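Report on the structure
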Amino acid sequence: MTPIQTSATLTTTPEVSFREPDVADGVRLWEIARDSEVLDLNSSYAYVLWCQDYARTSIVAEVDGTVVGFVTGYVRPQAPDTVMVWQVAVDADQRGLGLAGRMLSALMDRVESDSITRMQTTISPDNEASQKLFTSFAERRDMTITRRDYFAPEDFPDSHEPEDLYTIAPRS
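Described below are features of the structure shown in this document. From a predicted model like this one, the values you see are computed outputs, not experimental measurements. (Residues numbered from 1 in each chain as written. Predicted model: local features only at pLDDT ≥ 70, side-chain atom pairs only at ≥ 80, totals over all residues. Heavy atoms only, no water.)

1. Description of the pairing of strand E5 (residues 118-123)
Here 4 bridges tie strand E4 (residues 79-90) to E5, and the two strands are oriented parallel to one another. Residue pairing across strands places Thr82 opposite Arg118, the latter belonging to E5. (Pairing = 2+ DSSP bridges. Helix = DSSP H or I, 4+ residues; strand = E, 2+ residues; numbered from the N terminus.)

2. Notes on the environment of Arg102
Along the polypeptide, Arg102 turns up in helix H3 (residues 99-111). Owing to a relative accessible area of 37%, Arg102 belongs among the partly exposed residues under this scheme. Sequence-wise, Arg102 and Val16 are 86 residues apart; in three dimensions their C-alpha atoms are separated by 9.7 Å. Other than its neighbours up to four places away in sequence, Arg102 contacts Val16 and Phe18. (Buried < 20%, exposed > 50% of the residue type's maximum accessible area, 1.4 Å probe, protein only. Contact = heavy atoms within 4.5 Å.)

3. Here we look at the sheet that holds strand E6 (residues 143-151)
Read across the sheet, 7 strands follow the order E1-E2-E3-E4-E5-E7-E6 without closing on themselves; strand pairing throughout is mixed. The sheet terminates laterally at strand E1 (16-19) and E6, the two strands that pair on one side only. For this sheet, the mean angle separating the axes of adjacent strands, direction not counted, is 25 degrees. Helix H1 (residues 26-36) contacts strand E2 (59-63), strand E3 (66-76) and E4 of the sheet and is inclined by roughly 95 degrees relative to E3. Across the sheet, helix H2 (residues 44-53) is in contact with E3 and E4; its angle to E3 comes to roughly 70 degrees. (Axes fitted to C-alpha atoms, helices over the stretch in contact; angles between N-to-C directions.)

4. Quick look at the side chain of Ser58
You can see Ser58 is positioned in the loop between H2 and E2. A polar atom in the side chain of Ser58 sits 3.0 Å from the side chain of Trp50. Looking at Ser58, its side chain comes within polar contact range of the main-chain oxygen of Tyr54, at 2.9 Å. Once residues lying within four places of it in the same chain are set aside, the contact partners of Ser58 are Arg19, Glu20, Pro21, Trp50, Val71, Thr72, Gly73, Leu107 and Arg110. (Polar contact = N/O pair within 3.5 Å; in protein donor to acceptor, adjacent residues only side chain to side chain.)

5. Details of the packing of H3 against helix H4 (residues 128-140)
Packing of H3 against H4 brings their axes to within 10 Å, and their N-to-C directions diverge by 50 degrees. With respect to H4, the element H3 is oriented oblique. The chirality of how H3 crosses H4 is right-handed. Contacts from Ala100, Gly101, Leu104, Ser105 and Met108 in H3 reach Leu133, Phe134, Phe137 and Arg140 in H4. (Parallel < 35°, antiparallel > 145°, perpendicular 65-115°, else oblique. Left-handed = near helix turned anticlockwise from the far one by under 90°.)

6. Description of the packing of aromatic side chains
As enumerated under the stated definition, the model contains 7 aromatic pairs in all. When the ring of Trp50 is compared with that of Tyr54, the centres are 4.9 Å apart and the planes differ by 45 degrees; the resulting orientation is tilted. A residue is classified by how much of its surface remains accessible, and Tyr54, at 36% relative accessible area, is partly exposed. Taken together, the aromatic side chains of Trp50, Tyr54, Tyr74 and Trp86 make up a single cluster linked through ring pairs. (Phe/Tyr/Trp six-rings, centres within 6.5 Å; stacked < 30°, edge-to-face > 60°.)

7. Here we look at the nonpolar core
The biggest cluster of nonpolar side chains holds 26 residues, and the ones touching the most others in it are Val71, Leu104, Met108, Met119, Phe134 and Ile168. For this core, the secondary-structure elements that each account for two or more residues are E2, E3, E4, H3, E5, H4 and strand E7 (163-170). Here this core takes 7 residues from H3, the largest share from any one element. Judged by nonpolar contacts, the second largest core, of 9 residues, contains Leu29, Cys51, Val60 and Phe70. (Core = buried A, V, L, I, M, F, W, Y, C linked by side-chain atoms within 4.5 Å.)

8. What to know about the pattern of salt bridges
Scanning all chains against the criterion turns up 14 salt bridges. Among the salt bridges present, the one from Asp81 reaches Arg118, with a minimum N-O distance of 3.8 Å. Of this pair, Asp81 sits in strand E4 while Arg118 sits in strand E5, and the two are 37 residues apart along the sequence. When its relative accessible area of 23% is taken as the criterion, Arg118 is described as partly exposed. One connected set of salt bridges, linked through shared partners, spans Arg19, Asp22, Asp25 and Glu62. (Salt bridge = Lys/Arg side-chain N within 4 Å of Asp/Glu carboxyl O.)

So this is what it looks like as structure tokens:
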């Protein structure tokens, strides 16, 4: 019996590669952050500088040679075993594919060789998507996640929401 051929289009998930950002990626990071319409948009200079000075603790996701997502982070000066995640962003057409979680995992896999064993981030109380992202990341890696108040609205000069500090750490 011959298999029946159909003309249905099969959708495939594009291949994603992860790497450290370089200076040339700064503009693209700024564009993704701007287009997200939810991130605090930093100056374009800040993204270029981030790609220069904090490339080791940041990551970009690329599809077909185009950066489609990023995580920016830095090592906490008072906690050299901790990467502080500043921003996570994914292009609108790449959302829902688990890319943000994969970037966090790829970043943590890389920085663990630098004796970094913990991750921190701040999340506003109403940002359930980010809370789920980091909780899922902690669960996948069998790590603990804790939350505490961090910055109050009055700590900011504008109408910024409070920010809670989330810490993801190995189980003790």
